[in-house]
Structures are given as C-alpha cells and as structure tokens.
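A structural walkthrough
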Amino acid sequence: MPCMNYLRVLSVALLFLLVGCSSPLLPPAESPFPSRQAQSDADLMGRLRSNWKLLEQANLSTRERAAALYEYNADLLLLLRRLRYDSEDSGVRIIPRQFDIRHQLGDEGLRLMAVYDDIVPAADVPLEALKERYTTYGLGVPLVGVIPADKVKNSGKQMFNIATRGTVTPITCLLTFPKGEKPRLVLLPRVSESRFRVGRLSYELAADWSAPLEVYWNLTHVKDDRILGLLRPQELRDTTGLSCIEPYDPDKIPVILTHGLASSANTFDNFVNRLWADPEVRRSYQFWYFNYPSGIAWTISARAYRESIRNLRNQVDPHHKNRNWDNLVVVGHSMGGLITHYSQCVKPWNILLGSNIPREKLQPLLNERYIDAPFPDKAMESLRQDYYFRPVQAGLVVYMATPHRGAPVAKYRLVTMLTKLVTLPHTLLKEAYNLATLQRDMFLLNPQDAYLWFTSVNQLKPDSYSIRGLQGLQVRNAPTHSVIGDRGINDCPGCSDGIVPYWSSHISWGTQTIVPYDHSVQDGPLTASDMQKLLSEYARKHPAVKSGMSSR
C-alpha cells in the first residue's frame, strides 16, 4: 500500500505537467508495456527503490552497477510513460503543493509546473529533420520540456523582445528515495547540470541532445516559412528577429546563426545538432537564430539583424558589462553571410557608391554624422537606417557559401521570373520610390528598377548596386573564417558549390576551409567538425565567464 500512495503522489505531480497538453507536435503517450497485470505499480516502485539503494553502494562490481543502472533507467522510463498515458483520460484536479520538485532554471527557482507547457520522454521523439541522434549514457531518463512563447518572452522581471514561438529544454528525470521521506521526482535542466550524487557517489546524468532540437523545429514551424518568406515577406513580419532553443544564459557566448535565400533558421538543424553534442561547445556557447523574410533585399534585412542583436543585448546586458557579449560569434550562410558581412562594415553608407545616383546628389549624404543626425530631406529619412549604422561588434565572424561578389544564377531567366512573384510590404514600396527620386531619370524611364532594388534576388546579382558597393567597403578587424563548397570536384580555385563560385565566396582576409559539398555546406558533417574545432580554439582564447547576471 505505501508504494501505491507514493505512485499516486507521483501521478499527481506529473499529471500537472501533462494534463491539458494538446500540442500535436509531440508524440502521444506510449501505451504502458508490460501491462499492469504483468508488472504492478507497486512492483515497479519496489524495483526502482531497490536499484537506487544499489547505486548508493561503493563496493558494487562494474557489472552489478551497470545492471542496476540499466534496470533503474528502464523502470523509470516505464513509470513516466504510464503517468503520461494515464493523463490522457484523467480528470484529476492537480494540487501542486502535494509534491516536492527540484528545479533550477534561474535564480528565482520557479516551480517546474509553472514553466513547462508540456513534457515528453526523449525516447518517444522520432527524428525526422535530424540525421543523427546524439546521447549521453548515464543516470536517469532524458525528457524534453516545452516552454510556450509567452513564458519565454516574460522572465518574470521583464518582457524579452524576441521573435519566438516557444522553446525547449533538455531535462533529465530521476526518482530519488531520501531516507525517511517520500520519493522525490527530480527534474534537472541537463544543459546546466551534468552530474548527480547518489549517496556518496557521483553519476553522470543521461541526456538526449537531439530530441529537444527535433521538438524545437516542430514547435516553431520555421521550416514552413521558407517559401512564404521569399514570396510574401510581409507575412513573416511578426516572426522576424532572434529566437533560441533554450532560455537565455548570460554565462555563455552567444552565437548568432543567419540563414540564406528561400530558407529559414532550421537550415542549421543538423549543424547545431552536431555541435551541441560536444560538451565543450555546450559549456561555452548558446545558439541564437536570426529569422527573416528572405524575399526582402539583404541590406534591409541587415537592419532588422542589427536591431535584434542590439535590442537583445540592451535588455539582458543594459550596461554592456557582460564580457561574453564582447566575444559574440556571428555565422551567416549564403545571403545570410551578406547580411553578416554588411553589418561588419565600418562606413556602410559608402555602399551607395555602387549605385547610379548622381555624384552631386550622393556626395553630401556620405557623412558619418547621419548615423545619429537626420537627413535634411525628411522624405529620405527611412533610407538612413539601412545605410548609416555602427557595425556589430563581433569577436568571431564565419561565412558559409557566401556570395560576397554576387551569384551569377541570380541573372538566370527563371530566377528573374521568380523575382516578379515577390510581393513587398507597403512600407518598402514607399522607400523604393523615395529612392527613385535620387536615381538619374529612373522614375521616368523605368520605375520598376527602383522596386527591384528592394528584392533579395536582384540584390544578389553581381552587377547589382549593393554587390558593387560592398566591394569597396572596409570591415572591422575581427577573426574571420570562411567555409566554401566545391561539390566534391576538388578543382578550386576554379570550383563552385553549384550556386556560388569560388571567386565570389573567397575573401582575402581570414582563414578558409573548402569542403566537398554543394551550396548547403552547413548541412555536412565536415563543416560541423571544422566549426567545432574553430569554436573550441576560440573558447580557449576567450573563455565564457560567469556574468553575475541572471536571465530570470
């Protein structure tokens, strides 16, 4: 009977997490197997307690300890599946105070049930987007905790200005048996905790690093935004900005990942999956994604990119004292690399020298004072944000398959026809025709040319004003690395990744790695391996520091 009472208490606690969870992105609860007739709940609790006591003993043989650990984890997974299965048709009213839960997400120690909207065993999450599953064997059962968007944005102290649809946390679940007390269900955020003491012994915690990422991509639906972001940019205005696969951690170096044309943040799914499997990378870095509608010219998306980074830091590090932000890492793939490149430029307004604006009209505008001061002509004020700014202060810059000198395929007839399908937001149409007033006879001869200035495909052409102007710009002095694809032909410098030729992706500063992949270089294992080494070396030179701050 005591075991049944303990199980009832456990059910009440976990049901609070599971009941009412209607999200279709998570798998349904597994039907408990073996059946309760074959193995009663009391027997299950008894086995868990027995193996926990064995794991406390220091004199067990290696074989005995391995057996106890395996049986404990298997029984705990079965218990969690039973609780999850029971929750589907249960009408039990949950009273949180009936249960003792340890939760360490932030200094305020928010109770677990107040944070997570849903929770699921990682073993029940099938991989579809990801190519490999990375796990760490150890004590406990890996779970995925789902945090809804409103709780990600609202820390309890402030509302974070981030474009998120929710996030996830890798959790390890334990059932402990304190002497003279009720069993405790312990749920630990696995990214911040790696070991747990059982008696006088310390065990590494089990983890599944891939299941949370798989759930995250399903939760955010960003892969569905790829074509919509290209052809109907206005539809993604509410999701433009930064998002993260875990709540903000001030004690790690931020890594900003920016996708390319007709793509979305999940283009980095396998890339991050491989990097996250490395404990040194997890310990030092936190990955953020900049998502944006790729149909808009990259010079304009770069504005949102800079604003998103600036706004986030101002919120989480208002006095700019966190050294981890000073070591910011920025990574851009394809057109995302152009956004990254442009945002590193020292005098970005000189990009206008690549246009056909008459020099007598342009020259008075090429002045640093317009970073802070408005234009004399108020009609042109909206354009100032795109060309007058201070560069992003990144500590490490990485380009992947980036067309620094343009992509010849942007001039192909089929691609040109695709451009005509892009519908720009009304605010950009106004900017386009404001710009036309500066162009020599453009408005009278072909006003459509002004419109094309603001579509991303046209800004990728080697002869576009932005690509021409970019060549004359000076970038900040920061460590820079390029990853360049050659489709496995191995004939660089005459090679190409199928979209961007080497002569466009190669730059004269920094280091580079040539990988045998097509344009999706970020998806290859060798690219992740190259980046892992780069980040490890960078972390040794610029180790992540304890900031003394809290995100909550």
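Conventions we followed
- Residues numbered from 1 in each chain as written.
- Predicted model: local features only at pLDDT ≥ 70, side-chain atom pairs only at ≥ 80, totals over all residues.
- Heavy atoms only, no water.
- Buried < 20%, exposed > 50% of the residue type's maximum accessible area, 1.4 Å probe, protein only.
- Helix = DSSP H or I, 4+ residues; strand = E, 2+ residues; numbered from the N terminus.
- Phe/Tyr/Trp six-rings, centres within 6.5 Å; stacked < 30°, edge-to-face > 60°.
- Lys NZ or Arg CZ within 6 Å of the ring centre and 35° of its normal.
- Pairing = 2+ DSSP bridges.
- Axes fitted to C-alpha atoms, helices over the stretch in contact; angles between N-to-C directions.
- Contact = heavy atoms within 4.5 Å.

Right, let's get into helix 11 (residues 335-342). Three- or four-residue spacings in an α-helix give side chains the same orientation, since the helix completes a turn every 3.6 residues. Among the 8 residues in helix 11, 8 count as buried, and that is most of the element. For helix 11, every residue scored as buried is listed here: Met-335, Gly-336, Gly-337, Leu-338, Ile-339, Thr-340, His-341 and Tyr-342.

A word on the packing of aromatic side chains. Enumeration according to the criterion identifies 16 aromatic pairs in this entry. With centroids separated by 5.5 Å and ring planes inclined at 15°, the aromatic side chains of Phe-290 and Tyr-292 adopt a geometry described as stacked. Tyr-292 matches Phe-290 in its accessibility class, with the two residues each being buried. Taken together, the ring pairs in this structure connect Trp-349, Tyr-370, Phe-375 and Tyr-388 into an aromatic cluster. Lying over the aromatic face of Trp-209, Arg-282 brings its terminal NZ or CZ to 3.6 Å of the ring centre. One Lys or Arg, Arg-306, reaches over the ring of Phe-389 and ends 3.4 Å from the middle of that ring.

Time to look at the sheet that holds strand 13 (residues 329-333). In any sheet, the strands associate via hydrogen bonds between backbone groups, in a parallel or an antiparallel arrangement. Across the sheet, 7 strands lie side by side as 10-12-11-13-14-15-16; this open sheet has mixed pairing. Each edge of the sheet is formed by a strand with only one pairing partner; in this case those strands are strand 10 (241-244) and strand 16 (511-515). Strand after strand, the sheet turns through a mean of 20° between neighbouring axes, direction not considered. Alignment of strand 15 (residues 480-485) against strand 16, held across 5 bridges, turns out to be parallel. Bridge pairing in strand 16 places Gly-485 opposite Val-515. Where helix 11 meets the sheet, its contacts fall on strand 11 (253-258), strand 13 and strand 14 (396-400), and the angle it forms with strand 13 comes to roughly 140°.

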